[in-house]
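The chain contents come next:
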Amino acid sequence: MLENITKKKLENGLREVKNLQNLSVIQIPQMEYFEDKERRFKPEFNDSIDWKKIVKEERWGGYDKVFWFRKNIKLPENIEEPLFLKVFLEKDGDLDVIPDYPESLLFVNGQFVQGIDKYHKEAIISPKVFQGNVLNVYLRSWTGLRGELNYTFSGLELYKIEKYSQKYYFLAKNILETIDQLGENDIVKVKLFNILNESYKRINFTKPRSKEYYESIKDSYNFLQEELKKLRNFKMDSPKVVLTGHSHIDMAWLWTVLHTREKAQRTFSTVLNLMQEYPEYIFMHSSPALYKLLKNDYPELYEKVKERIKEGRWEATGGMWIESDSNISPGEFLIRQILFGKRFLKEEFGIDSNVVWLPDAFGYTYALPQIIKKSGMKYFATTKISWNEINKFPYDTFWWKGIDGTKLLSHFITTPDKNNYFYTYNGMVEPFTIKGIWDNYKQKDINDELLLVFGWGDGGGGPTYEMLENYRAIKEIPGLPQVEMGRVEDYFERLEERIRDKNVPVWDDELYFELHRGTYTSQAFVKRENRKLEVLYHNAEFLNSMVLKLLKDFEYPKNSLTEGWELLLLNQFHDILPGTSIREVYQDARKDFEKINGIANKEIERAISMISQEIKSQEDSLVLFNTTSFERDEIVELENGKKTLVREIPSFGYKSIKVSNLEQRQIDEKMIVKEDYIENRYYIIEFNKKGQIRRLYDKENKREVLEEGKLGNVLQTFEDKPYFFDAWDISPYFNEKMKEVTDLIEVKVEEESPLKGVLKFSWRFYDSIIEQKIIVYNHTRRIDFDTQVDWKERQVLLKTAFPVNIRSTKATYNIQFGNIERSTTNNTSWDIAKFEVPAQKWADLSEANYGVSLLNDCKHGYDIKENVMRLTLLRSPIEPDETADRTEHIFVYSLLPHTGTWRDSQVIQEAYKLNYPIIVKKIEKNEEGSFPDNFFFIKVNDPDVVIETIKKAEDDYSVLVRLFEDKGSRKKEVEIEFFKSIKKAVECNLIEEEEKEMAFKDNKILFNITPYEIKTFKVWL
Ligand SMILES: [Zn+2]
């Protein structure tokens, strides 16, 4: 009781000390300003600008505008210590609402000083920039994109801070907060309380702002310091908290990439400014893509950043080009993130980054440990899994074992957030977090040093001077873990050393994120573009590599592809690809995709033309390019409807066929297509009056594919109102309100030929129209559902459901470079949490001798519980993009019932075939041609091993071949064969660093491979 009263007294007193710390205050109620439509970065103006006066209480603002404010301030006296400038471009208000506050960059006498935003209203101005006693102040202010965007100009204040008042304030405040963190009977608490109270008694408030008052403050401060020294013995050596300044700057989210570039300028200026005043301050930033933009936008600022990097106080780490998504991003893209990221850091800063820094991505694929380790990186840091809604993740420091068995040292930053249950990457520096990070931490038995990144993030800003003052104060106070500034890379190296020979827990699974499950589906067009670009860049690289090795003097289009890749990788950002950004971000993304597509299409067209021109042909022909690892049979169709089935198109190669052979080949196979019935070589499919499948019979295996009495391809809709993050989440209760799409408005037989049967259905659902062609073939067991949706609904989720006649407690999902098994039961809370899971191109439910796969050409959200296989087709969230997904969509999903388990089936090949259609090029008669009509570039003799990537090596003219084992088998003497003999072969890591010479014979390389292993070879032909 008494303690509380004393505390109140001290708190009140401290408030007063803070109020009295500002000296020689100059009020500046008026400035000049204008709206800068050119959005220039620097205060470089000609005379034509019409500066207007703005005075206190005047309103300014508007959507996404840049204004410049200026004022010449004359100082009344010579000043040798730093000045503080407090900027009120908006009234002081509630800081808890994220949007709706102007963000400015402050310039004084021509130099950028620091960012001004709602968390950084005070700028420290070093005496170095105000020689001559004149401050020529400019503010470049961005209004923002959300909220009212009308601000009230409230003037500026310029002042000095009385040194001892400031020191006393921070020390006393942190002692008070430390007292709150300590246990009732803790002797340190008692002692701290006493000395603080004693120091307070020495302050003489009789004549505030008098010399006497400030002397009493100095006396109190010195007393407090002396007394703290006496408590030295109570200071702990352990645990220790290593602090690194940080600012999570999303590449795009509630703002666009353009705004991010501006945010970087503000945030980085602030960091540099504070580094001048606080020599101990260390800061870390992770995105090479943003460094590159800064280099282009603001070279002077970039050079200053570079100096600090060289000095070691600014840490450039993280490794990936941007902080990528890893649920939807294909494996090759994740590798390129590291390839591009690491290369940039090396080339620009001479840094070899070892830490993959993904504090905020929405779940982490089981493939990641191998990708990270084999890209020459060693550590993984995040916080996000602590947001799990249902299960608390059991470890904070652990070996994360990946799909192939690779172990990756992983660490969660356990900094508490005052308003939330989860850990944060936007840490504060205060006794609450310093104590809390340790209290939260679960591996206290193996490690007593933790990493705390501090600074305002989620849009930039970064650390404040208050945080740095708090750090200095906390360093002196006993009772809390030790604090020390440090670097992230060094932290991880020490962590690795510290846990050596300790009993470190192992997590052998994906890091599934129990939240944000809607991000596998939201903004469907981005997912579709993403998948198509995966194919396009794969094709562009392979086809150009082929030309490189077939034609002399060919220049591989490295520069243009690199340009495409950089933009492509940028759009893998963890708020762009997941669909969680505002509308403007997706308007930009559409433009980016156009450019990225354009680059790849141009290079593909050039490559196939160059090859086709060289093919010997007696008459007009078609060249069919197969860019997959598998020899395949495909139907080729001309615009005039002529089609034929072409057999054995070689893997990574081409086959040319004469146009005159394109007469429909009558193969002796059954194909019946009626409005309620399809029968081909493999199946009998019967439909009910609503267009749903009421029977799917597998003729070859003599079994019903669907559960008895259940319907297949049921289009299910659900009210989709997550309780908080609309574009992010699917409510765990979404299943409660299901409606089937049953309003069939048309059914039409579109094709009935021996090669192909097509039955088209059209449904209405409220304001939306769903059209679907169900396509069956006689050369493949795949049943395609080629779908077009005009989607007009708000907050509605659309799934297709197949209740299949399969009993299994595990389903298998395709992920990057492999697959993962997940439970189909709800036995545990971990199973329950996985009610929607991410996948790449297919998922499967198999029993011992039979199974069903569900494939897709651009969808990622699946759920398979008990025997019901579902794929999420569409959503339509209204926040943060009110218009999300209410547009036309096209996509294909396919059902593939098969003999045996998925391992015995053709699912891997069929998924590639669905996603990588053959490329057809018409050629004219060319008897001069020297290329054969049938050609393979490379092939592999083992169907479990998939060649994923063929490209020119980054640094020489060898061909880079990346392949992986896709079924979990250990294989001996797998053989890859090239079209010509090999001169040299080297195995390298994923980022193309050479590791060992490979033996080869003629045109073949033999190697062993372990389950889900990724291998990369450089081969000189
Ligand atoms: Zn983020």
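Above this note sits the structure.
Residues numbered from 1 in each chain as written. Predicted model: local features only at pLDDT ≥ 70, side-chain atom pairs only at ≥ 80, totals over all residues. Heavy atoms only, no water.

## Observations regarding the sheet that holds strand β3 (residues 52-55)
With respect to topology, six strands assemble into an open sheet ordered β3-β2-β5-β10-β7-β8, the strand pairing being antiparallel. Taken across any chain shown, the strands that pair with only one partner, and hence form the sheet edges, are β3 and β8 (111-116). Averaged over all pairs of adjacent strands, the angle between strand axes in this sheet comes to 30°, irrespective of strand direction. Pairing analysis gives nine bridges linking strand β5 (residues 66-74) to strand β10 (residues 134-142), with the strands arranged antiparallel. For Phe 69, the partnering residue across the bridge sits in β10 and is Leu 139. (Pairing = 2+ DSSP bridges. Helix = DSSP H or I, 4+ residues; strand = E, 2+ residues; numbered from the N terminus. Axes fitted to C-alpha atoms, helices over the stretch in contact; angles between N-to-C directions.)

## Let's talk about the packing of helix α6 (residues 288-297) against helix α8 (residues 331-349)
Closest axis-to-axis distance for the α6/α8 pair is 9 Å, and the angle between their directions is 45°. Overall, the two elements α6 and α8 adopt an arrangement that is oblique. Contact residues: α6 offers Pro 288, Tyr 291, Lys 292 and Lys 295, while α8 offers Gly 341, Phe 344, Leu 345, Glu 348 and Phe 349. Partitioning the contact of α6 with α8 into residue classes produces five nonpolar, one polar and three charged. (Parallel < 35°, antiparallel > 145°, perpendicular 65-115°, else oblique. Contact = heavy atoms within 4.5 Å. Nonpolar A, V, L, I, M, F, W, Y, C, P; charged D, E, K, R; others polar.)

## A look at empty space enclosed by the protein
Considering all chains together, one arrives at 10 cavities of 30 Å³ or more under this definition. Taken as a whole, the largest cavity spans an internal volume of roughly 180 Å³. Lining the largest cavity we find 18 residues, and of these Asn 814, Ile 815, Lys 841, Tyr 912 and Glu 948 sit closest to its centre. Secondary-structure elements contributing two or more residues to the lining of the largest cavity are α8, β39 (810-815) and α17 (907-915). Here the lining of the largest cavity takes three residues from α17, the largest share from any one element. Among the residues forming the lining of the largest cavity, the class breakdown is eight nonpolar, five polar and five charged. Taken as a whole, the second largest cavity holds about 90 Å³ of empty space. Lining the second largest cavity are Arg 336, Phe 340, Glu 541, Tyr 556, Lys 558, Leu 561, Thr 562, Trp 565, Lys 951, Lys 952, Ala 953 and Glu 954. With four residues, helix α14 (residues 558-570) is the single largest residue contributor to the lining of the second largest cavity. (1 Å grid on protein atoms, 1.4 Å probe; cavity = no way out; pocket = protein on both sides within 12 Å on 5 of 7 lines; lining within 4 Å. Points joined across faces, edges and corners; volume = space filled by probe spheres on them.)

## Things to note about the sheet that holds strand β42 (residues 842-847)
The strands that make up a sheet are held in pairs by hydrogen bonds between backbone atoms, and each pair lies either parallel or antiparallel. Taken in spatial order, the nine strands line up as β34-β35-β36-β37-β46-β43-β42-β39-β40 in an open sheet, and their pairing is antiparallel. Looking at which strands have only one partner, the edges of the open sheet turn out to be β34 (743-752) and β40 (818-823). Going across the sheet, the axis of each strand differs from the next one's by a mean of 20°, ignoring polarity. In this structure, β42 lies alongside strand β43 (residues 850-856), joined through six bridges in antiparallel fashion. Each residue of the ladder has a partner; that of Ser 846, found in β43, is Gly 851. The strands that α17 touches are β37 (783-790), β42, β43 and β46 (888-899); relative to β43, the one it contacts most, it runs at about 20°.

## A short note on the coordination of the zinc ion
Of the protein atoms, only His 248 (NE2), Asp 250 (OD), Asp 360 (OD) and His 574 (NE2) coordinate the zinc ion, at distances of 1.9 to 2.1 Å. For the zinc ion, the four donor atoms in the first shell make angles of 93 to 155° at the metal, so the coordination geometry reads as irregular. In the primary structure, the donors to the zinc ion are separated according to the pattern H-x1-D-x109-D-x213-H. Asp 250 sits in the buried class, given a relative accessible area of 1%. (Donors = N, O, S within 2.8 Å, 3.2 Å for Na, K, Ca; no water. Tetrahedral: all angles 85-135°; square planar, octahedral: opposite > 155°, others 65-115°. Buried < 20%, exposed > 50% of the residue type's maximum accessible area, 1.4 Å probe, protein only.)

## Notes on a nonpolar patch on the surface
Where nonpolar side chains cluster on the molecular surface, the patch consists of Ile 187, Val 190 and Phe 234 and spans about 220 Å² of accessible area. By the secondary structure assignment, Val 190 is in helix α3 (residues 187-201). (Patch = residues over 30% accessible without salt bridge, like charges linked within 9 Å, V, L, I, M, F, W, Y side chains within 5 Å. Areas by Shrake-Rupley, 256 points an atom, 1.4 Å probe, with all protein chains shown as cover. Salt bridge = Lys/Arg side-chain N within 4 Å of Asp/Glu carboxyl O.)

## Focus on the packing of helix α2 (residues 163-181) against helix α10 (residues 431-440)
Direction vectors running N to C along α2 and α10 enclose 35°, while the axes themselves pass 8 Å from each other. Here Asn 174, Glu 177, Thr 178 and Gln 181 of α2 come into contact with α10, specifically with Pro 431, Phe 432 and Lys 435. Its residues assigned to classes, the contact of α2 with α10 shows two nonpolar, three polar and two charged.

## Observations regarding the pattern of salt bridges
Between side chains of opposite charge, a pair can form when the charged atoms approach closely. In the structure shown here, the tally under the stated rule is 91 salt bridges. For Lys 374, the salt bridge is made with Glu 1013, and the minimal N-O distance between the two is 3.3 Å. Here Glu 1013 lies in the loop between β56 (1004-1009) and β57 (1014-1020) and Lys 374 lies in the loop between α9 (368-373) and β17 (379-382), a separation of 639 residues in the sequence. In this structure Glu 1013 comes out as buried when scored by relative accessible area, which is 12%. Between Lys 595 and Glu 563 there is a salt bridge, and its shortest N-O distance comes to 3.2 Å.

## Side note on the environment of Asp 885
Relative to the assigned elements, Asp 885 resides in the loop between β45 (868-874) and β46. When the C-alpha positions of Asp 885 and Arg 794 are compared, they lie 9.0 Å apart, and in sequence the two are 91 residues distant. Not counting residues up to four positions away in its chain, the partners in contact with Asp 885 are Thr 521, Ser 522, Gln 523, Ala 524, Phe 525, Trp 791, Arg 875, Ser 876 and Pro 877. A distance of 2.8 Å separates the side chain of Asp 885 from the backbone nitrogen of Gln 523, its partner in a polar contact. (Polar contact = N/O pair within 3.5 Å; in protein donor to acceptor, adjacent residues only side chain to side chain.)

## Quick word on the pairing of strand β35 (residues 756-765)
Counting buried positions along β35 yields nine of 10 residues, so the element is predominantly enclosed. Note that β34 and β35 share eight bridges and pair antiparallel. Bridged to Val 749 within β35 is Leu 759.

## Regarding the pairing of strand β53 (residues 984-988)
Within a regular beta strand, the side chains point alternately toward one face of the sheet and then the other, so they alternate between its two faces. When you tally the buried positions in β53, you get four out of five residues, the bulk of the element. Note that β53 and β57 share five bridges and pair antiparallel. Looking across to β57, one finds that Glu 987 is bridged to Phe 1017. Where β53 lies against strand β54 (residues 994-997), three bridges are found, and the strand directions are antiparallel. Looking across to β54, one finds that Val 986 is bridged to Glu 997. Here β53 folds back onto β54 in antiparallel fashion, the turn holding five residues, of which Glu 992 has a positive phi close to 75°.

These values are about where atoms sit, not about what they do.
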